[in-house]
Protein chains: 4
Amino acid sequence: MEVLIKYGTEEQKSEWLEPLLDGKIRSCFGMTEIAVASSDATNIESSITSCGDDYVLNGRKWWTSMSLHPNCELCIFMGKTDFSASRHLQQSMVLVPMKSPGLKIHRALTCYGNYDAPGGHAEVHFNDVRVPKENLLVGEGMGFAIAQVVAKIFFEIMKNKGRLGPGRIHHCMRLIGNCERSIELMKDRLRSRVAFGKKLSEQGVWKERVGLSRVETDQARLMTLLAAHKMDTVGAKVAAKEIAMIKIIAPNVAKTVVDRAIQAHGAAGMSSDFPLATFMTWARSLRLADGPDEVHVNSLAKLEMKN
Amino acid sequence: MEVLIKYGTEEQKSEWLEPLLDGKIRSCFGMTEIAVASSDATNIESSITSCGDDYVLNGRKWWTSMSLHPNCELCIFMGKTDFSASRHLQQSMVLVPMKSPGLKIHRALTCYGNYDAPGGHAEVHFNDVRVPKENLLVGEGMGFAIAQVVAKIFFEIMKNKGRLGPGRIHHCMRLIGNCERSIELMKDRLRSRVAFGKKLSEQGVWKERVGLSRVETDQARLMTLLAAHKMDTVGAKVAAKEIAMIKIIAPNVAKTVVDRAIQAHGAAGMSSDFPLATFMTWARSLRLADGPDEVHVNSLAKLEMKN
Amino acid sequence: MEVLIKYGTEEQKSEWLEPLLDGKIRSCFGMTEIAVASSDATNIESSITSCGDDYVLNGRKWWTSMSLHPNCELCIFMGKTDFSASRHLQQSMVLVPMKSPGLKIHRALTCYGNYDAPGGHAEVHFNDVRVPKENLLVGEGMGFAIAQVVAKIFFEIMKNKGRLGPGRIHHCMRLIGNCERSIELMKDRLRSRVAFGKKLSEQGVWKERVGLSRVETDQARLMTLLAAHKMDTVGAKVAAKEIAMIKIIAPNVAKTVVDRAIQAHGAAGMSSDFPLATFMTWARSLRLADGPDEVHVNSLAKLEMKN
Amino acid sequence: MEVLIKYGTEEQKSEWLEPLLDGKIRSCFGMTEIAVASSDATNIESSITSCGDDYVLNGRKWWTSMSLHPNCELCIFMGKTDFSASRHLQQSMVLVPMKSPGLKIHRALTCYGNYDAPGGHAEVHFNDVRVPKENLLVGEGMGFAIAQVVAKIFFEIMKNKGRLGPGRIHHCMRLIGNCERSIELMKDRLRSRVAFGKKLSEQGVWKERVGLSRVETDQARLMTLLAAHKMDTVGAKVAAKEIAMIKIIAPNVAKTVVDRAIQAHGAAGMSSDFPLATFMTWARSLRLADGPDEVHVNSLAKLEMKN
């Protein structure tokens, strides 16, 4: 949506942006590809070939969020118009109606065996999908630049609108909520179970785990509050270090705390009777989604080395 | 099956053991309960009430393996005949046809959202299930003792038959196989992916993870081989320490190694395109199945403190 | 000193408190003993035997801080006057001049091979040390109670005087300072060294370690600031949870961060050319001093389980 | 010594090798330098300047083992004869009598505050030290090659002489011995101490630590035995992977196990009353000595990626 607001022509806006803003349709973003390490956007291999008045698109995208939603009618497709241009000028973006011939939802993807609701993630194939050249955004070779600028705009909008902050902080807050819920469940369980003549809650190993879970969760919370506070007061750019830190901390702390709660529950902890298995899947996926740990640790180290 | 061989009357054997040995029917064991810490068998709360010539059974069992198999016709039910007897004489075992009125498969259980094949695990409810008193095994109050003896017989059989050893070692071997496969997949992935201008396989952080995965997997393998060797040559009892050790080591090493492989694969690692998510679920569940880590660490510490 | 202010008789005060307040003499506290787990004060085994108008003291104390200072003239000795009284009424405290016959500084103690400055820690032997009964504080059997009350007073004084807070928070602040200094030294080192054709600061493994060190240090700092803030505003009692948390966090984080810095420095990191080996010793000793980790994790778990 | 056997001229051998073999004198090797990362030998910065019939040596070496021994009379000095030659042809080795004018033992080095016995490690300064050109080994530019070849010879000798294997395996064996001794001491301590009404040996947290210490120590032992066995049977080259593995495992396992034993001993664990503080220093230094962890993890990863 942000892409269209900033870069759409009048025609593009009236066709797609208005129904999007009205909530009548949904859109998805075809970025991540199966065959390459997509955290580096220059790796993309899908092709956008010029053919008369049309572009012909080919490629296989996956983890395309919202693509399974029944109202999803638009895909913004990222591909290469010129494989021989300099590294950051090969990519372009085009608007693709979801009902275009050749565009096929190949399959829904699972994460640890589960499907996501409601929009889901899918693998989407583009086989000789043909769109008119008017569907190009800005110009050929502008794809990488648009992605970069939009990421920045996204931050600005979030900040100016007085919202709590971008998705990253939301994610971390949810993870901390998961930790708190896991600690509650763990305590209930430990208080109610007896093994070998003694309540689990009075056994040293479990006391240690409850104590450490509290320590780790509270530390993660403090850092998240600091990051949110800095984002609200001095902006996302200055808060870059704190944001990188919570993106690293929160999923890893959640994994540890939730895992202890699962162990306290025995087999029940892995079943769907408790939310713990879902929390675990969620925490694990956030070590990859929104940039893998490695990317954020790297950014953080760069900022730190500059000091 | 071992229970019937050792403790069944002639009538019980001809009715159940023969078709079991012929592979015509299957059986399940109703032991683990929802409401208590079942790694301590004295905690069991299901009841076996005497009523004329019958016993009336009540209780909720779960994680009952094989109970979902279409040929499963017999359940060995563990419950208490006398709640006021001394701690190890309260339990009894009775044979229950799966088609008895009041016995209901309540639901299949998931583990991280997945169902197991083929026999599955279910929650099984017993509401006033009535069986003739002839179905009792050995005698009232013998349930705990039978369980203990059978566990020992099981070890003996395994050893005398020249098999590799009991299930525990099999589990560990499978986990080490999972580690090896994960390392293979991780290496393939790292060799084929480039991020920020450099193959992942040449990046220091990934070299460290490959190296450590090799170290941890090989150590787990050596210990498993030692445990198997001792079981074959000096018996399960003398090998108790090594068996406890691999039961602790293997699932934890597998969790670590598989997790690194998942991280190397990005989102694909969590999808069903690779076996890694399944390996992870399997490794995690083996920190609980067959006795949780805590029980084995405890046994090991006791053996160690004796030296 | 606090003990004398609160519990000293007029005679005791004029003899010892005045020169102490004038800075003319120093005192030490003979509490910790060699043969027992002294984190539980009821374990103490030194004896205070009544003998006419005198008490006769016997016992071996160690880690007695300040006892090596040349001006140290007074020892407050904790021992048992009645081994058969109820657990918390066996202990008494008496004032002992350091020059009493039978009191001997047995030896200075090292910590990882180093002596502390300036007052040091010593092992002090008491062999039939005789002091007049007037030297008893408060009354027989009051030793445990005095220790408890003094600990509370100490907190009160600190708070009312507007000081930053008790020793525990000071310790944590120093440890965080050590972390910061270690990170600085590590960064300098990594920037200045080349191995295998590449600056260490550009190698992935070291970037990861710098990043994680920043994450862990900042988290420890935030929790310490919160604990200090709560102590200043709502008092040490309400802040008990946060104080327990930083007592656990800070020494362990410092150990980890300093250890990475040592590794970055090679053999130099362990030498006395850098402060890192000293930082490490200091961090390690604070996992024991002022209550070992285990005691604080336990308190924290109790507070958490109450919620 | 190996250097002289292989590369010494007849004159050099009669002057130095014979008294060395007779045990009359000792030698040291001036390799590691203060200012550079010496695990990469091409980094060396000491200079060997030609001046008529002599070489003039300048540089600062440290961690020079055996240099403090009263009988140490010879130093083999590694420096650069040609800073502009290709990377591996800049280095040369010369024989330097310890009593040469300009050669000065600058100071003994401490490791965590301790001095080593008997030969110790020192910082040795070379200020315009003059030796005749006959003292050159082999030829100018051969220094790097000699170091490489000698390392190999060293392995061969060890193997052919039927010795247990090179220093690396010895180190690991000693570390495992330290682990065993630490576990013994820990068990004794836990059995003899009571805190809060219960023997430490019966407290869950300590049982866990004893159990895990046994697991980790036994795994390290098995891998060390495998490495030694392979070295004896198929040679050091084929055993390279296992040797790298134990060099990584053993010091890290020892650090963990010894640290638990220290914690079990309280302050006593850090004092010189128990060998634990020394074990810790030793384990820590072996994460650096004989190649830091990072170098061995790297080699291991390379071998593993080749498979």
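Above this text sits the structure in question.
Everything in this summary refers to the structure shown in the same document. A quick note: this is a predicted structure, and the numbers were derived from the prediction, not measured.

Calculation rules
Residues numbered from 1 in each chain as written. Chains lettered and ligands numbered in written order. Predicted model: local features only at pLDDT ≥ 70, side-chain atom pairs only at ≥ 80, totals over all residues. Heavy atoms only, no water. Helix = DSSP H or I, 4+ residues; strand = E, 2+ residues; numbered from the N terminus. Buried < 20%, exposed > 50% of the residue type's maximum accessible area, 1.4 Å probe, protein only. Contact = heavy atoms within 4.5 Å. Buried area = accessible area lost by both parts, 1.4 Å probe. Salt bridge = Lys/Arg side-chain N within 4 Å of Asp/Glu carboxyl O. Polar contact = N/O pair within 3.5 Å; in protein donor to acceptor, adjacent residues only side chain to side chain. Nonpolar A, V, L, I, M, F, W, Y, C, P; charged D, E, K, R; others polar. Lys, Arg positive; Asp, Glu negative; His and termini not counted. Axes fitted to C-alpha atoms, helices over the stretch in contact; angles between N-to-C directions. Left-handed = near helix turned anticlockwise from the far one by under 90°. Parallel < 35°, antiparallel > 145°, perpendicular 65-115°, else oblique. Pairing = 2+ DSSP bridges.

1. Description of the overall build of chain A
Right, so step 1: When its secondary structure is counted, chain A shows 8 helices and 9 strands.
Right, so step 2: Projecting the C-alpha coordinates of chain A onto the three principal axes gives extents of approximately 80 × 45 × 40 Å.
Right, so step 3: Per-residue burial for chain A yields a buried fraction of 54% across its 307 residues.
Right, so step 4: Of the contacts formed within chain A by residues at least 6 apart in sequence, a portion of 69% connects residues at least 24 apart.

2. Overview of the interface of chain A and chain B
Right, so step 1: Each partner contributes residues to the interface: chain A has 46 residues there, and chain B has 45 residues.
Right, so step 2: When the area that chain A buries against chain B is broken down by residue, the three leading residues are A:Tyr112, A:Gln263 and A:Met270, summing to 21%.
Right, so step 3: On the surface where chain A and chain B come into contact, there are 10 salt bridges.
Right, so step 4: A salt bridge links B:Asp259 to A:Arg287, with the nearest nitrogen and oxygen atoms 2.8 Å apart.
Right, so step 5: In this structure, the connection of chain A to chain B is made through 20 residue pairs in polar contact (both at pLDDT 80 or more).
Right, so step 6: For the side of chain A that touches chain B, the secondary-structure elements that each account for two or more residues are strand 3 (54-65), strand 8 (194-195), helix 5 (204-234), helix 6 (240-265), helix 7 (276-285) and helix 8 (293-306) of chain A.
Right, so step 7: For the side of chain A that touches chain B, the element with the highest residue contribution is helix 7 of chain A, accounting for 5 residues.
Right, so step 8: Class assignment for the residues of the side of chain A that touches chain B results in 21 nonpolar, 12 polar and 13 charged.

3. Examining the interface of chain C and chain A
Right, so step 1: Across the boundary between the two partners, chain C contributes 28 residues, which contact 28 residues of chain A.
Right, so step 2: For the pair chain C and chain A, the interface holds 4 salt bridges.
Right, so step 3: For A:Glu304, the salt bridge identified is with C:Lys187, shortest N-O distance 2.9 Å.
Right, so step 4: If you list the elements that add at least two residues to the side of chain C that touches chain A, you get helix 4 (167-192), helix 5 (204-234), helix 6 (240-265) and helix 8 (293-306) of chain C.
Right, so step 5: The greatest single-element share of the side of chain C that touches chain A, amounting to 13 residues, is contributed by helix 5 of chain C.

4. Observations concerning the side chain of D:Lys207
Right, so step 1: Position of D:Lys207 among the secondary structure elements: in helix 5 (residues 204-234).
Right, so step 2: At 7.7 Å, D:Glu202 is the nearest oppositely charged side chain to D:Lys207, a buried residue that forms no salt bridge.
Right, so step 3: Ignoring any residue separated from it by four or fewer positions in sequence, one finds D:Lys207 in contact with B:Val297, B:Asn298, B:Ala301, D:Ser201 and D:Glu202.

5. Observations concerning the packing of helix 6 of chain A against helix 8 of chain A
Residues and elements named next belong to chain A.
Right, so step 1: Here helix 6 crosses helix 8 at 145 degrees, and the two axes come no closer than 9 Å. Considering only the axes of helix 6 and helix 8, their crossing is left-handed. Packed against helix 6, whose contacting residues are Ala240, Lys241, Ala244, Met245, Lys247, Ile248 and Asn252, the element helix 8 presents Asp293, His296, Val297, Leu300, Leu303 and Glu304 at the interface.

6. Points about the packing of helix 5 (residues 204-234) of chain B against helix 6 (residues 240-265) of chain B
All names here are of chain B.
Right, so step 1: Relative orientation of the contacting elements helix 5 and helix 6 amounts to 155 degrees, with a least axis distance of 9 Å. Judged by the inter-axis angle, helix 5 sits roughly antiparallel to helix 6. Crossing hand, helix 5 versus helix 6: left-handed.
Right, so step 2: Of the residues contributing to the contact of helix 5 with helix 6, the split by class is 14 nonpolar, 5 polar and 5 charged.

7. Section: the pairing of strand 4 (residues 72-80) of chain D
Residue and element names in this part refer to chain D.
Right, so step 1: Of all 9 residues that make up strand 4, 8 are buried, and the element is covered over most of its length.
Right, so step 2: Bridge count for strand 1 (residues 26-30) against strand 4 is 5 bridges, and the pairing is parallel. Counterpart to Gly30 in the pairing with strand 4 is Phe77.
Right, so step 3: Sheet analysis places strand 4 next to strand 5 (residues 91-97), joined by 7 bridges and oriented antiparallel. Bridge pairing links Leu74 to Pro97 in strand 5.

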